[in-house]
Amino acid sequence: MLGVVSELDPEYGEGFGALGSTVVGFETEGCNSAKALRLTNNPNPFMATQIVPAYVSLGTSWATNTLDFSVGFMPLNKDGGVFGGLDFTKRPDALAFDYKLEAGEGQELQKATALVYAWKGSWSQAEVPANNSMSTQTVAVTMIDRDRNILGIETAQGGAVTKSDDAELIANSLQYIETGAADWTSYTLPIHYLTSSTPAKINVVLSANDYFDSDNIISGNSLTVDNVRFLYYSRLEGVNIGGVAVKDFAPDTYAYEFTGAVPAADQVEAILLGEGGSATAKVAVEGNTVTITVSNPNGADADGKTEHVYTITCKESAEGITISGYLTIEMLGAPIAQNQPATINMTPTAENVYTITLPHFSLDLGDGPVDLGDIVVPGVNASENNGITTYTGEVKNMSLYEGQIIADVNLTGTTDAAGKANFNIQVMWNNIPIIVTFTGEVAGILDVEADSTDAPAEYYNLNGQRVIGDVAPGLYIRRQGNTVSKVIVR
């Protein structure tokens, strides 16, 4: 729980000539708990026109001004804020708390502030006035780790700012709460990280006003907070399988179906939620199920758990396209195969997205053909223009020849309305380019299953998409029961 220090608390003014304190923090009933903290902007007891901002932090509060007796006790050179923070070496993903935000009686609601920043090293500012004074004289101090110095915000008072060689702002998140809430409301502030370094200190500021605008404080505005805590996410933001995103993914939904081939574990990309980077995701594939276990050793997520498990069931698409044709293969600019019979299989996995497979890719390097395995490129995007469909896709670190070859693969290609297909597959292995050129013609629908030859006829375009309604003139693939053929509709 965060500790509160009123802006003029004599504990921190001792030795600086402080005159007293304005109470801005109050104990009140909590959110499903006995106690909470209510922060309320209140007038200075010595001068009701001066409204003291209410805030709580993990650092030390301070304030300064002097009084000008010539103009009726007018405060001059106002300044203040927080210096220091809490020793802290973790990287939380978010700050969470429950709150109420209410305006004072007859007053306009003022927005509240939620601020988190983390750093290492130190900043020093010389000649910072550190107290309130009835005269023009204030006590000047060298202030260590002043909030504005760390955050790179200009200061109106104080001397030169220096910092240690290892000084680094690591995280900085600032949000304003602008919607009033008379009932308890949950709030989450994601923490934005600027670097991958480990912090040495952290500070949190919760304020019943705009923390960085002390000239416009509304009396009576109150922010009540409870259950203030850091969150360490053990959830995912998204999952890609073979470069294709799992549809409708949500961090709090843990079971999915995916249309596409069952991937290898290294083809599954688990995208962690949050920027803290302390969670880990373990991927396992068994049968047609991908299981992703996300855990975080540093602390609990919003639901109090440190581990969450996602399951994704893969289902092969029932329909696909096979293209029969021939390969030409070049290595280092020299042809090593010409007119080699081959097929390419195209399986739709989403709208205008395919998995394209060149099965049993083989090379003859002098001792006869060697089957290197299947070249499988998932997540291939298709776009159609004037009857020509263009395909693009790539795979990094593809494993071939039982893992003895690790290569990057880039695929481009086209099919036209007449069923003609041309593909260029570039395989880069140990900086050796292998260029595979494929020319062919669409042969039909893959994986056709039917019980009766009396089934109604279905028509598909050459991209494997079923035609609904009237069939316009052109070349189509016709399926009736377990019979598939190419037809020309006139």
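Residues numbered from 1 in each chain as written. Predicted model: local features only at pLDDT ≥ 70, side-chain atom pairs only at ≥ 80, totals over all residues. Heavy atoms only, no water.

Student: Got a minute to help me understand the overall build of the protein in this structure?
Tutor: Helix and strand counts for the protein come out as 2 helices and 36 strands. Taken across its 490 residues, the protein has 43% of its residues classed as buried. As presented, the protein carries roughly 24,000 Å² of accessible surface, and 48% of it is formed by carbon and sulfur atoms. (Helix = DSSP H or I, 4+ residues; strand = E, 2+ residues; numbered from the N terminus. Buried < 20%, exposed > 50% of the residue type's maximum accessible area, 1.4 Å probe, protein only. Areas by Shrake-Rupley, 256 points an atom, 1.4 Å probe, with all protein chains shown as cover.)

Student: Help me understand the environment of Asp252 in this model?
Tutor: With respect to the helices, strands and loops of the structure, Asp252 is situated in the loop between β20 (244–245) and β21 (255–259). Distance in space between the C-alpha atoms of Asp252 and Glu237 is 9.3 Å, their sequence separation being 15 residues. At 2.6 Å, the side chain of Asp252 forms a polar contact with the side chain of Arg235. (Polar contact = N/O pair within 3.5 Å; in protein donor to acceptor, adjacent residues only side chain to side chain.)

Student: Please clarify how empty space enclosed by the protein should be interpreted in this entry.
Tutor: Vacant regions in the atomic arrangement are exposed by a probe of water-molecule size rolled over the atoms. Under the defined criterion, the tally for this structure stands at 1 cavity of 30 Å³ or more. In this structure, the largest cavity spans a volume of roughly 40 Å³. Contributing to the lining of the largest cavity are Phe361, Leu363, Leu372, Leu400, Ile405, Val427, Trp429 and Ile434. For the lining of the largest cavity, the elements supplying multiple residues, two or more each, are β28 (353–364) and β32 (420–429). (1 Å grid on protein atoms, 1.4 Å probe; cavity = no way out; pocket = protein on both sides within 12 Å on 5 of 7 lines; lining within 4 Å. Points joined across faces, edges and corners; volume = space filled by probe spheres on them.)

Student: Which parts of the structure should I look at to understand the layout of surface pockets?
Tutor: A volume near 440 Å³ is recorded for the second largest pocket. Lining the second largest pocket are 18 residues, and of these Gly242, Asp266, Gln267, Val395 and Lys396 lie nearest its centre. Counting residues per element, the ones that place at least two in the lining of the second largest pocket are β22 (268–272), β29 (369–385) and β30 (388–400). With 7 residues, the single largest contributor to the lining of the second largest pocket is β30.

Student: I'm lost on the sheet that holds strand β11 (residues 123–129) in this one. Help?
Tutor: The strands making up a sheet associate through hydrogen bonds between their backbones, and the pairing can be parallel or antiparallel. Read from one edge to the other, the open sheet built from 3 strands follows the order β13-β11-β14, with strand pairing classed as antiparallel. Of all strands in the sheet, those with a lone pairing partner are β13 (140–144) and β14 (161–163), marking the two edges. Averaged over all adjacent pairs, the angle separating strand axes in this sheet is 25 degrees, with direction ignored. As paired strands, β11 and β14 are joined by 3 bridges and run antiparallel to one another. Counted as the bridge partner of Ser124 is Thr162 from β14. (Pairing = 2+ DSSP bridges. Axes fitted to C-alpha atoms, helices over the stretch in contact; angles between N-to-C directions.)

Student: Please explain the packing of aromatic side chains as it appears in this structure.
Tutor: Any two aromatic rings considered together are summarised by their centre-to-centre distance and by the angle between their planes. For the coordinates displayed, the defined rule picks out 12 aromatic pairs. Between Phe97 and Tyr99, the ring centres sit 6.3 Å apart and the planes meet at 65 degrees, which makes this aromatic pair edge-to-face. Here Phe97 and Tyr99 have matching classes, each one buried. Among the aromatic residues, ring-to-ring pairing joins Phe249, Tyr254, Tyr256 and Tyr310 into one connected group. (Phe/Tyr/Trp six-rings, centres within 6.5 Å; stacked < 30°, edge-to-face > 60°.)

Student: It is not clear to me how the sheet that holds β21 should be interpreted in this structure. Could you clarify?
Tutor: Here we have 4 strands laid out as an open sheet, ordered β21-β25-β24-β23, and mixed in their pairing. Looking at the sheet topology across the chains shown, the edges are occupied by β21 and β23 (280–286). Within this sheet the neighbouring strands show an average axis-to-axis angle of 20 degrees, counted without direction. Relative to strand β24 (residues 289–295), β23 is paired through 7 bridges, and the arrangement is antiparallel. From the neighbouring strand, Lys282 faces β24, where its bridge partner is Thr293.

Student: Sorry, what's going on with the confidence of the model for the protein here?
Tutor: Summary statistics for the protein give a mean pLDDT of 85 and a share of 84% for residues scoring 70 or more. Within the model, pLDDT remains below 50 along residues 1–18, and this stretch shows 45 contacts once partners closer than five positions in the same chain are excluded. Below a pLDDT of 50 lies the segment residues 444–452, which in the model reaches 25 contacts outside its immediate sequence neighbourhood of four places, other chains included. (pLDDT = per-residue confidence, 0-100. Contact = heavy atoms within 4.5 Å.)

Student: Could you clarify how one ought to interpret the pattern of salt bridges in this entry?
Tutor: Close approach of charged atoms allows side chains with opposite charge to pair. Under the counting rule described, the total for this entry stands at 10 salt bridges. Linking Glu27 and Lys35 is a salt bridge whose minimum nitrogen-to-oxygen distance equals 4.0 Å. Taking relative accessible area as the criterion, Lys35 reaches 52% and is therefore assigned exposed. The closest approach of N and O atoms between Asp210 and Lys111, which form a salt bridge, is 3.9 Å. Of this pair, Asp210 sits in the loop between β17 (201–207) and β18 (222–231) while Lys111 sits in the loop between β9 (94–102) and β10 (112–120), and the two are 99 residues apart along the sequence. Relative accessible area serves as the criterion here: at 14%, Asp210 is assigned to the buried category. (Salt bridge = Lys/Arg side-chain N within 4 Å of Asp/Glu carboxyl O.)

Student: Would you take a moment to explain unusual backbone geometry for this structure?
Tutor: In most cases, non-glycine residues show a negative phi, while peptide bonds are predominantly trans. With phi around 55 degrees, Asn32 is a residue other than glycine that occupies positive phi space. One non-glycine residue, Glu402, lies in positive phi territory at about 55 degrees. Counting through the fold element by element, Glu402 comes out in the loop between β30 and β31 (405–415).

Student: Can you help me understand the pairing of strand β19 (residues 236–241) in this one?
Tutor: As a general feature of sheets, a regular strand has side chains that alternate between the two faces. Judged by how many residues are buried, β19 sits mostly within the fold: 5 of 6 residues are covered. Both β19 and β22 contribute to a ladder of 5 bridges, which runs antiparallel. For Ile241, the partnering residue across the bridge sits in β22 and is Val268. The pairing of β19 with β20 spans 2 bridges and is antiparallel.

Student: Explanation requested: the environment of Ser33 in the structure shown.
Tutor: If you trace the backbone, Ser33 turns up in the loop between β1 (25–28) and β2 (36–40). On the accessibility criterion, Ser33 (28% relative accessible area) is partly exposed. Sequence separation of Ser33 and Asp226 is 193 residues, and the distance between their C-alpha atoms is 8.4 Å.

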